[in-house]
Amino acid sequence: MSILAQTAPNDGWTANMPIGRAFSGSLGQEPVQLAQHFEALCMSRSTVLRAFRGMGLSKYSAEVDHVIAGDWGNMENIIVSVAKIPASILSFISDLLAKTPSGHADHSDLQKAYSYWKTSVDKVEEGLKSRQNQDKLLDIKASLRTKGLMSSEPVLENLVAPERTFIQEGDMRKVCRKANKTFRFWLFNDLIMYGQLSGQDCYVFNRAVELKYAQVKVKEDVPNAFEIINKVKSFICIAPNNAEMKKWFANIQGAIDTLVASGVAVAQEDSDMAPVWVPDQESSTCHICDCNFTFLRRRHHCRRCGHLVCGGHSKGRLVLVSVHAKDKQRVCDECVTQHKRGDAMPVYSHGTAAPPQAAAQTPIPRVDYTKDAPPPATPAPPIPISTASTYTPPS
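In short, a report on the structure. Everything quoted here is computed from the prediction, not taken from an experiment.

## Let's talk about the overall build of the protein chain
Secondary structure assignment for the protein chain yields 10 helices and 12 strands. Buried residues in the protein chain amount to 38% of all 395 residues. When contacts within the protein chain are restricted to residue pairs at least 6 apart in sequence, those whose partners lie at least 24 apart make up 53%. Of the accessible surface of the protein chain, which amounts to about 22600 Å², a share of 55% is contributed by carbon and sulfur atoms.

Put into structure tokens, the structure is as follows:
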């Protein structure tokens, strides 16, 4: 004990002071101060780096980090070193407490000291995770760009926020209207967004879906697939394997459950959701009249049920709040009839709606969402023009 007093004479130590009293007395205030300083250190670094990356100067982040750190080399070394201090002290107090009899005079003070420093370690670890999360958000934002050179996207501009937590990222195939496409998906505690690879480590932002208006459902009839159903946009994702599908599903459902538990979101009804569109390649005929689609008779998607219909049976227009609060959207004749009757949309097995009569009279078609669009047809070769049939003007 006298050695500790000699090595730290200005820290409140005395040769006769019990260790527990020292760490729970005057030194007991240091854990709180240390945690506060550590939090300020992390936040100041993140603020500066966020400003640089937000101005498109991400490539200078390392140099900026070095300037902030000064002689220490870089901020990462400082933060990691500082984070180890309370953990080492807590380990020392924990070992000492375990070897101190409960009837010892210092046992009560050691318990207080352990509580103080455990709180400090928890706050430092929380600050460390927060810093790592902020860095990840900055990296994701730096890797994304919008489709238009001069356009801006509010989701990207506000992506780095204290209340946003990164959860998971990875590539999945998304069932699209023309063909299945591979996108990079990013999951956060409040939204899921996706973009398409454009160059090395750069992605073009496509869409963000707020989880507070979402549901997630496993596609039992499609291997490794699940549906993300939202008021604005619903679609099917196909993961690389079953383990990845389960991980994505569990994390998305967990994020939604957390939002509901916190009161940010409420459980959504199926009738409030946008339909999953049937891919173009899945039907060559109109869902209502069975006429064949041709170059002149084009496919149209009903915005209410998601089915493919011809122009003659999709002349109706309805206001669909899931799409726009005021603008009327293209809908099929059956959905117009249902709307006039006040019927809710029954949910089809593949996520879209079907009229009650059709669902009762005909079996539900199995949609193969796993196949990509067929390759374009090879154009016929040009017909050679015979020289014998060349027109010769009269002399």
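## Some points on the nonpolar core
Ranked by size, the top nonpolar core spans 23 residues in total, and within it Phe-185, Ile-192, Leu-211, Phe-226, Ile-228, Trp-248 and Ile-252 carry the most contacts. Of all the secondary structure elements, the ones that give two or more residues to this core are strand E3 (181–188), strand E4 (191–197), strand E6 (214–218), strand E7 (225–230), strand E8 (235–238) and helix H8 (242–261). By residue number, the principal contributor to this core is H8, which donates 6 residues. Residues contacting Phe-226, with those up to four places away along its chain left out, are Met-172, Val-216, Lys-217, Val-218, Lys-219, Phe-235, Ile-236, Cys-237, Met-245, Trp-248 and Ile-252.

## A look at the sheet that holds strand E5 (residues 203–210)
Within the open sheet, the 8 strands sit side by side as E1-E5-E4-E3-E2-E8-E7-E6. Their pairing is mixed. Both outer strands of the open sheet, strand E1 (144–145) and E6, are each paired with one neighbouring strand and no more. Pairing of strand E2 (residues 166–174) with E8, which is carried by 2 bridges, proceeds in the antiparallel orientation. For Arg-173, the partnering residue across the bridge sits in E8 and is Ile-238.

## Considerations on unusual backbone geometry
The phi dihedral of Asn-224 is positive, around 60°, even though this residue is not glycine. Checked against the element boundaries, Asn-224 lands in the loop between E6 and E7. At Asp-290, a residue that is not glycine, the phi angle is positive and equals roughly 65°. Relative to the elements of secondary structure, Asp-290 occurs in the loop between H8 and strand E9 (300–301). Judged by its relative accessible area of 54%, Asp-290 is exposed.

## Points about helix H9 (residues 333–341)
Along H9, the residues classified as buried are Cys-335, Val-336 and Gln-338. Across the axial projection of H9, the buried residues extend over an arc of 165°, all falling on one side.

## Description of the packing of aromatic side chains
Geometry of an aromatic ring pair is reported as the spacing of the ring centres plus the angle between the planes. Counting across every chain of the model gives 7 aromatic pairs. Seen in terms of ring centroids, Phe-185 and Phe-235 are 6.5 Å apart; in terms of plane orientation they differ by 35°. Their pairing is tilted. One end of the pair, Phe-185, is in strand E3; the other, Phe-235, is in strand E8, and 50 residues separate them in sequence. Assigned by exposure class, Phe-185 and Phe-235 land together as buried. Seen from their ring centres, Phe-185 and Trp-248 are 6.4 Å apart, and the 70° between their planes marks the pair as edge-to-face.

Reading the values: the criteria
Residues numbered from 1 in each chain as written. Predicted model: local features only at pLDDT ≥ 70, side-chain atom pairs only at ≥ 80, totals over all residues. Heavy atoms only, no water. Helix = DSSP H or I, 4+ residues; strand = E, 2+ residues; numbered from the N terminus. Buried < 20%, exposed > 50% of the residue type's maximum accessible area, 1.4 Å probe, protein only. Contact = heavy atoms within 4.5 Å. Areas by Shrake-Rupley, 256 points an atom, 1.4 Å probe, with all protein chains shown as cover. Core = buried A, V, L, I, M, F, W, Y, C linked by side-chain atoms within 4.5 Å. Pairing = 2+ DSSP bridges. Arc of directions from axis to C-beta. Phe/Tyr/Trp six-rings, centres within 6.5 Å; stacked < 30°, edge-to-face > 60°.

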